[in-house]
Amino acid sequence: MSEIDIAQKIFDEMREKTADPPGVTRKSFGDGENIAHGLVGDVARNLNLEIAHDYAGNQYMTLPGTDRDAPSIMIGSHMDSVPHGGNYDGAAGVIMGMAALHRLCGDGWTPAQDITVMAIRAEELVWFPTPYAGSRMAFGLLPSGDYDELKRSDTGRSLADHINDLGFDADALKAGKAYLDGAKIRCYIEPHIEQGPALFEAGLPVAIVTGIRGNLRYRFCRVDGTYSHAGAVPRAFRHDAVFAAVEFARVLEEHWNQRDADGVDFVCTMGEFHTNPTHHAMTKISGELSFTMDIRSLDNDVLLETDAYLREQAERISQERGVTIDLGDFTNAKPGIMDPDLRAILQDQVEKLDIPAMNLSSGAGHDCATFANEGVPTAMIFIRNDKGSHNADETMEIEDFAEATRLLVAFLKELG
Ligand SMILES: [Zn+2]
């Protein structure tokens, strides 16, 4: 069987065994995730790869290189899914890693250093509310209090309990023990389905990722004006929270237009935007409004400049309209920049192999960011996928997966 036939067989079996109509469910540290880990583990056993687990139950499948002490190449992604999610988000990356190792073994090719495929646990935030739990545990980066404090959303039981249930070692993790050391990893590459429509719209199978966007998140923005009568109050005496908020939203969108015109990576969303339902009414001028903002870019300076600009504009609108716009605090997740040398190798290979490809930034977060922040050179390959992700309808064609696998194999051989 070819490496693509084997991948197809795992996809089919995994879909069948973790089915939860209308999609699949693979909870972090749950049955579905274990089944997925088992299926890729079977391939590793058939290839006589070395198999290991860390304290958190992340699985490592290693093709030994000629120099066992040289920093290793890692390929990885996660095997959990959202509830009723799609079959490919995360899993496609691990399965592509196994397909690539299958191909390298078939070619009788021995790498200069170990190549390890890592099947990562607990990436989907819906189960444990902390980003990249699995990969951060591998590096000993999760704060020790989190193991008892973080509860799985469906069971209400702690992360420590779920780790111990599967026979792994929460005590070692609480003591801060790391399994991975960034200095011993030459590079990390994560293949993943694209979670937006860019490749589908462009008619291309594969993208080379430029970086993972960082974000500013504002959860508690408020506009305070004055409630008053919709008919009786002359315009000059109104302090309308809705019109002030709308002007602010317009400022934000104009700012985005300017970023686009300048060719700067930027997206923003006001996902919540509402008056107070216990006080608002059709015949009342609104006295208060709350909203959220999620602003993302590949450049953290752009994010921080945007914050300063928005606060200035909030102040201006507040004064002009006699309201108070308070943006409150934000959280700042730093962007994860992909390694330029690795990107150049990928670019070379798509040209050599004649694979139609484009460059894309990743709007969503990935375990890759954990490795990048630990100083490991990282890269990502996106595979075309219709209908987004985190839903049962995500669609990846096996032909596109095959093109991306061809690129991954060439990339690994080029690294030596
Ligand atoms: Zn994912």
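Chains are numbered independently. Their residues run from 1 in the order of the written sequence. Whole-chain, interface and lining totals are the exception, using all residues; otherwise, since this is a predicted model, local features are given only for residues with pLDDT of at least 70 and side-chain atom pairs are given and counted only at 80 or more.

*Asks:* Please explain unusual backbone geometry as it appears in this structure.
*Replies:* Of note, the bond from Pro21 into Pro22 is cis; its omega dihedral lies within 30 degrees of zero at 10°. Among the structural elements, Pro22 can be located in the loop between strand 1 (19–20) and strand 2 (23–24). Although it is not a glycine, Phe29 adopts a positive phi angle of roughly 60°. Secondary structure elements are defined from DSSP: runs of H or I of at least 4 residues count as helices, runs of E of at least 2 residues count as strands, and each element is numbered from the N terminus. Along the chain, Phe29 turns up in the loop between strand 2 and helix 2 (31–46).

*Asks:* It is not clear to me how the packing of helix 9 (residues 241–261) against helix 10 (residues 300–321) should be interpreted in this structure. Could you clarify?
*Replies:* With axes taken as lines fitted to C-alpha atoms, and helix axes fitted only over the stretch in contact, angles between N-to-C directions fall between 0 and 180 degrees. Contact geometry of helix 9 with helix 10 gives a least axis separation of 10 Å together with a crossing angle of 150°. Between helix 9 and helix 10, the crossing angle belongs to the class labelled roughly antiparallel. The handedness of the crossing between helix 9 and helix 10 comes out as right-handed. Side by side, helix 9 and helix 10 meet where Ala244, Glu247, Phe248, Val251, Leu252 and His255 of the first sit next to Thr306, Tyr309, Leu310, Gln313, Ala314, Ile317 and Arg321 of the second. Under the grouping applied here, Gly and all other residues not named as nonpolar or charged are polar, the nonpolar ones being Ala, Val, Leu, Ile, Met, Phe, Trp, Tyr, Cys and Pro and the charged ones Asp, Glu, Lys and Arg. Class assignment for the residues of the contact of helix 9 with helix 10 results in eight nonpolar, three polar and two charged. Reported orientations rely on four angle classes, namely roughly parallel under 35 degrees, roughly antiparallel over 145, roughly perpendicular from 65 to 115, and oblique for the rest. The sense of a crossing depends on the near helix, which, turned anticlockwise from the far helix by less than a right angle, makes the crossing left-handed and, turned clockwise, makes it right-handed. A pair of residues counts as a contact when their C-beta atoms, built from backbone coordinates, are separated by no more than 7 Å.

*Asks:* Please explain helix 11 (residues 340–353) as it appears in this structure.
*Replies:* At 3.6 residues per turn, the α-helix brings residues three or four places apart onto the same side. Expected span of a helix, by definition, is 1.5 Å for each gap between consecutive residues, and there is one gap fewer than residues. The end-to-end C-alpha distance of helix 11 is 20 Å, a good match for the 20 Å that 14 residues give at a rise of 1.5 Å each. Working definition of burial: number of other C-beta atoms within 10 Å of the residue's own, with buried at 20 or more, exposed at 12 or fewer, and partly exposed in between, all C-beta atoms being placed from the backbone. Restricting attention to buried positions, one finds in helix 11 the residues Arg343, Leu346, Gln349 and Val350. In an axial view of helix 11, the angular spread of the buried residues amounts to 125°, which keeps them on one side of the axis. Among the exposed residues of helix 11, those oriented more than 90 degrees off its buried face are Pro340, Asp341, Ala344, Glu351 and Lys352. If you follow the buried residues of helix 11, they end up packed against strand 8 (206–212), strand 18 (357–362), strand 19 (378–383) and helix 13 (398–415). In the stretch just after helix 11, Asp354 is the one whose phi turns positive, near 60°. This arc describes the spread of directions from the helix axis toward the C-beta atoms.

*Asks:* So what exactly am I meant to see when it comes to the pairing of strand 19 here?
*Replies:* In regular strands, side chains alternate between the two faces of the sheet. Burial analysis of strand 19 places six of its six residues in the buried class, which makes it a mostly covered element. The two faces of strand 19 match: Thr378, Met380 and Phe382 on one face and Ala379, Ile381 and Ile383 on the other face are all buried. Should DSSP find at least two bridges between two strands, the strands are taken to pair. Judged from the six bridges that link them, strand 7 (residues 185–193) and strand 19 form a sheet pairing that is parallel. Pairing of His192 across the sheet is with Phe382, part of strand 19. Note that strand 8 and strand 19 share three bridges and pair antiparallel. Following the sheet pairing, Ile208 is matched in strand 19 by Ile381.

*Asks:* Help me understand the domain arrangement of the chain in this model?
*Replies:* Put simply, an interface is often sized by how much accessible area is lost when its parts join up. Domain boundaries assigned for the chain yield domain 1 (3–213 + 335–415) and domain 2 (215–333). Split into classes, the residues belonging to the side of domain 1 that touches domain 2 amount to one nonpolar, four polar and one charged. Note that domain bounds follow an automatic or database assignment of domains.

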